[in-house]
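Spelled out from the first residue to the last, the chains are:
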Amino acid sequence: MRNRIIVIGLIVLIAFWFGSRANRPVIKTSKGETVRKAWNDPHARKARKKIAKAAKRHS
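Quick caveat, the model's predicted, so the values are computed rather than measured. (Residues numbered from 1 in each chain as written. Predicted model: local features only at pLDDT ≥ 70, side-chain atom pairs only at ≥ 80, totals over all residues. Heavy atoms only, no water.)

A. Looking closely at the overall build of the protein. The helix and strand tally for the protein stands at three helices and zero strands. Walking the protein from its N terminus toward its C terminus, one meets helices and strands in the order α-α-α. C-alpha atoms of the protein, sized along the principal axes, occupy 80 × 25 × 15 Å. Across the 59 residues in the protein, those meeting the buried criterion constitute 0%. Of the roughly 6,200 Å² that the protein leaves accessible, carbon and sulfur atoms contribute 66%. (Helix = DSSP H or I, 4+ residues; strand = E, 2+ residues; numbered from the N terminus. Buried < 20%, exposed > 50% of the residue type's maximum accessible area, 1.4 Å probe, protein only. Areas by Shrake-Rupley, 256 points an atom, 1.4 Å probe, with all protein chains shown as cover.)

B. Local environment of the packing of aromatic side chains. Across all of its chains, the model carries one aromatic pair by this definition. Each ring, one from Trp-17 and one from Phe-18, has its centre 5.1 Å from the other, and the planes form 70°; the classification is edge-to-face. When the ring centre of Trp-39 is taken as reference, the NZ or CZ atom of Arg-48 above it lies at 3.5 Å. (Phe/Tyr/Trp six-rings, centres within 6.5 Å; stacked < 30°, edge-to-face > 60°. Lys NZ or Arg CZ within 6 Å of the ring centre and 35° of its normal.)

C. Just a nonpolar patch on the surface, in detail. Where nonpolar side chains cluster on the molecular surface, the patch consists of Ile-6, Leu-10 and Leu-13 and spans about 300 Å² of accessible area. By the element assignment, Ile-6 lies in helix H1 (residues 2-22). A residue is classified by how much of its surface remains accessible, and Ile-6, at 45% relative accessible area, is partly exposed. (Patch = residues over 30% accessible without salt bridge, like charges linked within 9 Å, V, L, I, M, F, W, Y side chains within 5 Å. Salt bridge = Lys/Arg side-chain N within 4 Å of Asp/Glu carboxyl O.)

The following block contains the structure:
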């Protein structure tokens, strides 16, 4: 009886795990697009400006 409950519990856990994974969208993007998004990120732009300004000061 106890083994049957354990098996049913495992089946329920596996079904829950697959069900929670099923509704996630998979978005495939190219490496170029990922790099472009990272380059155009406002925080990355600010960081690049800050680095360029510091480099000018120390040159």
